[in-house]
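Understanding the architecture of this molecule
Spelled out, the chains give:
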Amino acid sequence: MFIPLHLVLPAAESGWEVWACAPGGAIKRGLFEDPATAAASVKKAIIALPARWCRTLVFSVPPADAKLARALAFTQLEKRGLTSGTMDQTSFSCQIRPGTKGGYLMVVDVLTPAALSALAAIKSHGVIPAAKLYPIPEHRAVILREGGRTVLHAGLAGQPAHVQGLTANSADPPALASEISLTLMTLRQQGLLSTITGIDWGAPLTEPGRQQVESIIGLPVELKARPAPVFRSLDPGLQPAEVRAERQRRRGRLLRGAALAALPLAGLLWWQQQHARLLALEAEANRLSEAVTASSGATAEARAGTELMRGTQLRWQALRMALEPKRYPLIHLNHLTRCLGDDSIVLTRFETRGPDVSVSGTAQSAGEAYHYFTTVTTDQDLKICAWSMAEPNLTNDGTAKFELKGKMR
């Protein structure tokens, strides 16, 4: 049964709204006092993060791949005091976009400490910056109200690149206009914003106030109704660190379960293929044997047939040993995975070369690695190999990397 997503986002003035994401667009379902109550009222709740919970900022960077780009973004966040510990402990997402003057710009969304504290008490399906729910027309800035606060949205290619909660009183249009003008001018001077030709004002403003704002900023100001939210997609990088870690553990368990479920079928298919080949070889060997027996054996053709039969029989004997199920690599991997027990040990590599078997992994401690080695050596199905393990290597985070080697008897 399909369960629709529901957006929980801050209302314009107070409270939190719930919107259902229907095929034809978002439909408002209700207003609640706090986000926890709103999220608990529906299934698959997506929390839209207000500007006070999620900072969106832009800065120029050199060209970089995805891994280096994330490191660059984290460095910039450290300079601004927006990190929550290490890079893995900081919840942020980043995206490189073409700059306005031929360079590259980095747009970063990062959760504030207030968001991490609030989200700990909310059960949700995911989070998304509220700014990403509203379209930003090209070459336009957008003004919206969010939780009783006026917020400026400036974008690149229709996506928010700089989101700022304004400090000026919403009842003082000249003060708002001065703050907006200074922000836009700073972004333009730094090459972080494309040309702005006008402002879409989606917050309460009288006509005299609109004229004041227009004269101070020097750009046309168009009054518009607050738009309905448009849901696009979630960004896993914005999840709190503990949520991301739990989802990675759950994904690992699912992948391991799928691999274990596929092992018997893969082993059966491989065995059937090898068995069919061996039956064909055996039939050919029998045919040649009968032909050689029927002949006098004196001719060169008979001697050639004898040699061919002998070679076929040797291949048959070599492959017959490979048909023992307990020697299959997939069966070895199945037994090694069965010995894992709980989720504290993860296997990272499995390799077989002839009679040699090698398996590597990571354990929470050296003691757990030795315990796993003992479990493998005492397993009845794995006693077909003589097992050995070098001393585990301890990493900086306290985990232990180990490698087991086995040689089939």
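First things first, this report covers the structure right here in the doc. Along each chain, residue indices are assigned from 1 in the same order as the chain's sequence is written. Local features in this predicted model are restricted to residues of pLDDT 70 or higher, and side-chain atom pairs are both shown and tallied only at a pLDDT of 80 or more, whereas totals for entire chains, interfaces and linings draw on every residue. Side-chain numbers here rest on the full set of heavy atoms in the structure, without hydrogens or water.

1. Side note on empty space enclosed by the protein
For cavity detection a 1 Å grid was placed over the protein atoms alone, and a set of points counts as a cavity when a 1.4 Å probe fits there but cannot get out; an open set counts as a pocket when protein lies on both sides within 12 Å along at least five of seven lines, with lining residues being those that have an atom within 4 Å of a point. Grid points are joined across faces, edges and corners, and a volume is the space filled by probe spheres set on the points. In this structure the tally under the stated criterion is 3 cavities of 30 Å³ or more. In this structure, the largest cavity encloses a volume near 50 Å³. Broken down by element, the lining of the largest cavity gets its largest block of residues, 3 residues, from strand 9 (residues 140-146). Classification used: nonpolar for Ala, Val, Leu, Ile, Met, Phe, Trp, Tyr, Cys and Pro, charged for Asp, Glu, Lys and Arg, polar for all others including Gly. A breakdown of the residues in the lining of the largest cavity according to their chemical character gives 5 nonpolar, 1 polar and 3 charged. The secondary structure listing takes helices from DSSP runs of H or I that are at least 4 residues long and strands from runs of E that are at least 2 residues long, numbered from the N terminus.

2. Looking at the sheet that holds strand 3 (residues 25-32)
Two modes of strand pairing occur in sheets, parallel and antiparallel, and in both the strands are linked by backbone hydrogen bonds. The pairing criterion is simple: DSSP has to find at least two bridges between the two strands. Spatial strand order, 3-2-1-4-8: 5 strands in an open sheet with mixed pairing. Across the chains shown, the open sheet's two edge strands, defined by having one partner strand only, are strand 3 and strand 8 (126-129). Across the sheet, the mean angle separating the axes of adjacent strands is 30° when strand polarity is ignored. Convention adopted: a line fitted to C-alpha atoms gives each axis, helices being fitted over their contacting stretch, and angles between N-to-C directions are expressed from 0 to 180 degrees.

3. A look at helix 5 (residues 207-217)
Along an α-helix, residues three or four apart share an orientation, since each turn contains 3.6 residues. Accessible area is worked out with a 1.4 Å probe on protein chains only. A residue is then buried under 20% of its type maximum, exposed over 50%, and partly exposed in between. Taken as a whole, helix 5 has its buried residues at Gly209, Arg210, Val213 and Ile217. In a view along the axis of helix 5, the buried residues occupy a sector of 100°, so they form one face of it. Counted as exposed and oriented over 90 degrees from the buried face of helix 5: Pro208 and Ser215. Lining the buried residues of helix 5 we find helix 4 (173-189), strand 12 (198-202) and strand 13 (221-223). The backbone nitrogen of Gly209 has a side-chain oxygen 3.1 Å away, supplied by the residue at the start of helix 5, namely Thr206. By arc we mean the arc of the directions from the helix axis to the C-beta atoms, nothing more. Throughout, a residue-residue contact means that at least one pair of heavy atoms, one from each residue, lies within 4.5 Å. Two N or O atoms count as a polar contact when they lie within 3.5 Å, although within protein this holds only if one can serve as hydrogen donor and the other as acceptor, and sequence-adjacent residues are included solely when both atoms are side-chain atoms.

4. Section: the environment of Asp109
Relative to the assigned elements, Asp109 resides in strand 7 (residues 104-111). On a C-alpha basis, the gap between Asp109 and Thr56 in space is 4.5 Å, while along the polypeptide they are 53 residues apart. Engagement of the side chain of Asp109 in a polar contact is seen with the side chain of Lys132, the distance being 2.9 Å.

5. A closer look at unusual backbone geometry
Backbone geometry at Lys44 places phi at a positive 55°, although glycine is not the residue there. Looking at the element boundaries, Lys44 is found in the loop between helix 1 (35-40) and strand 4 (45-49). For His139, which is not glycine, the phi dihedral falls at a positive 65°. Here His139 shows up in the loop between strand 8 and strand 9.

6. A closer look at helix 4
Each residue after the first adds 1.5 Å to the expected span of a helix. Between its first and last C-alpha atoms helix 4 spans 24 Å; for 17 residues at 1.5 Å apiece the expected length is 24 Å, and the two agree. Among the residues making up helix 4, those that are buried are Pro173, Leu176, Ala177, Glu179, Ile180, Thr183, Leu184 and Leu187. Projection of helix 4 onto a plane perpendicular to its axis shows the buried side chains occupying an angular sector of 165°, all on one side. Along its buried surface, helix 4 packs onto strand 9, strand 10 (149-156), strand 11 (159-165), strand 12 and helix 5.

7. A short note on the side chain of Asp379
Looking at the element boundaries, Asp379 is found in the loop between helix 9 (366-378) and strand 16 (385-389). When its relative accessible area of 13% is taken as the criterion, Asp379 is described as buried. Those residues in contact with Asp379 that lie beyond four places of it in its chain are Arg338 and Cys339.

8. What about the side chain of Asp109?
A relative accessible area of 2% places Asp109 in the buried class. Of the polar contacts made by the side chain of Asp109, one reaches the side chain of Thr56; its length is 2.6 Å. Ignoring sequence-local partners within four residues, the contact set of Asp109 consists of Cys54, Arg55, Thr56, Ser91, Phe92, Ser93, Pro129, Lys132 and Leu238.

9. Notes on the pattern of salt bridges
A side chain of one charge can pair with a side chain of the opposite charge when the charged atoms of the two come close. Just to be clear on terms, a salt bridge is a Lys or Arg side-chain nitrogen sitting within 4 Å of an Asp or Glu carboxyl oxygen. Going through the model one piece at a time under the given rule, you end up with 16 salt bridges. One salt bridge connects Asp381 with Arg338, and the closest N-O pair in it is separated by 3.3 Å. With Asp381 in the loop between helix 9 and strand 16 and Arg338 in helix 8 (residues 329-338), this residue pair connects regions lying 43 residues apart in the sequence. Overall, Arg338 belongs to the partly exposed group, its relative accessible area being 45%. Here the residues in one salt-bridge network are Arg349, Glu351, Arg353, Glu403 and Lys405, joined through shared partners.

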